[in-house]
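Okay, here's what each chain looks like letter by letter:
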2 protein chains.
Amino acid sequence: MKKPITIHDIAKLAEVSSATVSRVLSGSGYPVSAATREKIQRIAKESNYIPNMLGKQLKTNSSMTIGVIIPSISNPFYSSVLLGIEGIARQNRFHVIVCNSLHDAALEEEYLKTIAEKQVKGLIISSIGSDQELLQKLMDTGMKVIAIDQKVEGEGISQVEFDYRKGGYMAAKHLQLKGHRRIGYVTSLLDRPSRRSIYQGYEEAMRESGLEPLAVESTEDDVYSSLNEFNMGKKLTARLLEAEQPPTAIFACNDVMAFGVMHELSRRGIQVPQDMSVIGFDGIDYGQMIHPPLTTIQQPDYEMGSIACKMLLDQLNGETNPVYDVLLEPQLLERSSVAQVGSVE
Amino acid sequence: MKKPITIHDIAKLAEVSSATVSRVLSGSGYPVSAATREKIQRIAKESNYIPNMLGKQLKTNSSMTIGVIIPSISNPFYSSVLLGIEGIARQNRFHVIVCNSLHDAALEEEYLKTIAEKQVKGLIISSIGSDQELLQKLMDTGMKVIAIDQKVEGEGISQVEFDYRKGGYMAAKHLQLKGHRRIGYVTSLLDRPSRRSIYQGYEEAMRESGLEPLAVESTEDDVYSSLNEFNMGKKLTARLLEAEQPPTAIFACNDVMAFGVMHELSRRGIQVPQDMSVIGFDGIDYGQMIHPPLTTIQQPDYEMGSIACKMLLDQLNGETNPVYDVLLEPQLLERSSVAQVGSVE
DNA sequence: TTGTATGCGTTATCAG
DNA sequence: CTGATAACGCATACAA
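Residues numbered from 1 in each chain as written. Chains lettered and ligands numbered in written order. Predicted model: local features only at pLDDT ≥ 70, side-chain atom pairs only at ≥ 80, totals over all residues. Heavy atoms only, no water.

- If you check an unreviewed UniProt entry, chain A appears there as LacI family transcriptional regulator from Paenibacillus spongiae.

Laid out in structure tokens, this is it:
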């Protein structure tokens, strides 16, 4: 296990000072004679020189790294967001550190600390925690933060989020347009702003048409896994069907839960969409792989990631830092899980 | 934007030397009087001290970080592996840097360099590239490497992989056991060892029973996305059905592709499993969310991650470094997409 | 138990 | 154009 070679080693071999070596190898553009420049580069290559970023970053106090904290990459929604972030980051020669908070506020906070300790100056976060005290402190020390998906109260935090309320509204309206009057809503625990907004949109659309909301909410605090959401969809559907006046359409707060809804219906011999319409929320790819393909409200997840990353890089570079919010519009993705009902006159 | 505070600042405030501060705050266990210890801790807390890991790591030459290079976290298989890695890493107070090579050998190499420059001493990689020259150089400088999923030729690289061949064999045998004689195999480009092994297992099981293999291989070099695999499954199924003697069962090289197979069959009015049996490969959660639930060969993906991480940490800590391979056994996951065919005597 | 001094690998400042 | 030297924040050998 030989010692890694440093600029000093190269300096000796090239018979110059380490300062000159640094100037060449760091790509600083500082004037160095062509001859020595070439010599240094040659020696560096021959000796398999690997720059030590720790030294460099310690000195320059800039890590070219952004941190990302999300609930879980096993959620296809977040993995798509992440790909969007990475795409932009890579274009700008930035690296990304990803942390899965796994819906655990304590873990989120721990990662937050880690990121700060690693001298990461930019953060994109879909926060689970309610306590943003630490976050504020970090921002006071100069960290730039973009909140995605989940709104974070606080000064100076730019946000990029979906118009969840509108999405919920659109879903309910679409079902109404198809003739449905009794529209059920199944949702996981309404403990997060995003989820409350979807519900709010749904409720608004219902009231607006003089319809009674018919919602069932999971009581379980969710340990997120797609399998969990799926099973929750099954359970909630069962509860929904117990009503004296069961709905003719079900709106699920996310696609995976909609899969659960469809599974439970199928198990009971209820056909989708003939006997019951189903609409989801998210627009993950798997929605078109099941049968029937799921009609859903699509969120531009990849774009959320790329936009957030662009905003962050702007803040990191820019002298002036306008704080602003971006609201991404949802889109109805009509596939085959919703049917027209009643007479069409 | 105030300057971040350092151990020297704390030293001044506490009227001690920075060495003493370091001893307390780094948790070194070095003897310090209870009084000053408390005082230092109090001041550190009051002043929101955030240790600078760059300084620490530069000094100690150990980053407590492991790198992970995988094709793409949007693949649920890899995201599961990753969660397994992170779980173990976290238990041991290690951090993880994830890089998505996106099936791009050049990008993989770039990330490899980045990881080395960040002084990461341990790497878990599912390699896409064929050129492991750089990898070998890095290992020469002391980097520990565990290859997962994709076999990497090279000295000193421990591997943890699935017994792909056996998995392919099991799938084909299961279908045979259910009475199928004409069994089709749909696969993406056989350009990777893992894929070739599955095919090999399938072929072996067929020949062994005196059956003719009936395989269709995608010609496209895959830009991996689940949607892509899905569509490929559809296309390949169409090709398979053109045969004069179409199969009675189809084995797909991964679950998402199996979804495509089922979709195409359903589109043509061919019922699964009554008219055609389908078996997948991977065991992702979505397999039980579709209809009918997909029978498949399950790979212990999470375990692959946790085992690989344990092995890596052992190598990182241990003085002695036995290099060894772990072969994970696949398991038949019987659900409802395979039917008995012919008479059962 | 504490302090002093040094160095990890790099870049920045300043002088030549 | 080049070199000597200091500094980034921290940990540690050595001295007290």
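Now, onward.
## Quick word on helix α12 (residues 301–317) of chain A
All names here are of chain A.
Phase 1: The end-to-end C-alpha distance of α12, which contains 17 residues, comes to 25 Å, matching closely the 24 Å that a straight helix rising 1.5 Å per residue would cover.
Phase 2: Among the residues of α12, Asp301, Met304, Gly305, Ser306, Ala308, Cys309, Met311, Leu312, Leu313 and Gln315 are the ones counted as buried.
Phase 3: Where the residues of α12 are buried, they touch β1 (65–70), α5 (76–91), β3 (122–125), β4 (144–148), β5 (158–162) and β11 (325–328). (Helix = DSSP H or I, 4+ residues; strand = E, 2+ residues; numbered from the N terminus. Expected span 1.5 Å × (residues − 1). Buried < 20%, exposed > 50% of the residue type's maximum accessible area, 1.4 Å probe, protein only. Contact = heavy atoms within 4.5 Å.)

## A look at the UniProt feature "domain: HTH lacI-type" (unreviewed entry) in chain A
Phase 1: According to UniProt, the "domain: HTH lacI-type" (unreviewed entry) feature falls on residues 5–60 of chain A.
Phase 2: Split by type, residues 5–60 of chain A is 66% helix and 0% strand. Its first and last C-alpha atoms lie 21 Å apart. (UniProt positions renumbered as here; feature names shortened; annotations may be inferred.)

## Points about the domain arrangement of chain A
Phase 1: Assigned domains within chain A: domain 1 (7–51), domain 2 (59–162 + 301–329) and domain 3 (164–299).
Phase 2: Spacing between the C-alpha centres of domain 1 of chain A and domain 2 of chain A amounts to 36 Å. (Domains from an automatic or database assignment.)

## Here's the deal with the protein's contact with DNA strand D
Phase 1: A:Thr20, A:Arg23, A:Ser33, B:Ser22 and B:Tyr49 are the nearest of the 27 residues found near DNA strand D.
Phase 2: Backbone sugar and phosphate groups make up 58% of those atoms of DNA strand D lying within 4 Å of the protein.
Phase 3: Interatomic distance of 3.1 Å between a side-chain N/O atom of A:Tyr30 and a base oxygen of DNA strand D.
Phase 4: Of all the secondary structure elements, the ones that give two or more residues to the surface near DNA strand D are α2 (18–25) and α4 (53–60) of chain A together with α1 (7–14), α2 (18–25) and α4 (53–60) of chain B.
Phase 5: It is α4(B) that contributes the most residues to the surface near DNA strand D, four residues altogether.
Phase 6: Split into classes, the residues belonging to the surface near DNA strand D amount to 11 nonpolar, 11 polar and five charged. (Near = heavy atom within 4 Å. Polar contact = N/O pair within 3.5 Å; in protein donor to acceptor, adjacent residues only side chain to side chain. Nonpolar A, V, L, I, M, F, W, Y, C, P; charged D, E, K, R; others polar.)

## Quick look at the pairing of strand β7 (residues 214–217) of chain A
Residue and element names in this part refer to chain A.
Phase 1: Here strand β6 (residues 183–187) pairs with β7 via four bridges, running parallel. Following the sheet pairing, Val186 is matched in β7 by Val216.
Phase 2: In the classification by handedness, the crossover that spans β6, the intervening helix α9 (residues 193–208) and the parallel β7 is right-handed. (Pairing = 2+ DSSP bridges. Right-handed = clockwise from strand over helix to strand, strands pointing away.)

## Some points on the relation of the copies chain A and chain B
Phase 1: Of the transformation superimposing chain A on chain B, the axial component is 0.1 Å and the angular component is 180°, with the fit at an RMSD of 0.1 Å. Given the turn and translation reported, the copies of this chain are related as if by a two-fold rotation axis. (Least-squares fit on C-alpha atoms with pLDDT ≥ 70 in both.)

## As for the packing of aromatic side chains
Residues and elements named next belong to chain A.
Phase 1: One pass over the structure, following the stated rule, counts 21 aromatic pairs over all chains.
Phase 2: Where Tyr202 meets Phe251, the ring centres are 6.3 Å apart and the plane angle is 55°; that geometry is what we call tilted. With Tyr202 in helix α9 and Phe251 in strand β8 (residues 249–252), the pair connects residues that are 49 residues apart, well separated along the chain.
Phase 3: The class of Tyr202 is buried, set by a relative accessible area of 0%.
Phase 4: Through successive ring pairs, a cluster of aromatic residues spans Phe77, Tyr78, Phe162, Tyr164, Tyr185, Tyr199, Tyr202, Phe251 and Phe281. (Phe/Tyr/Trp six-rings, centres within 6.5 Å; stacked < 30°, edge-to-face > 60°.)

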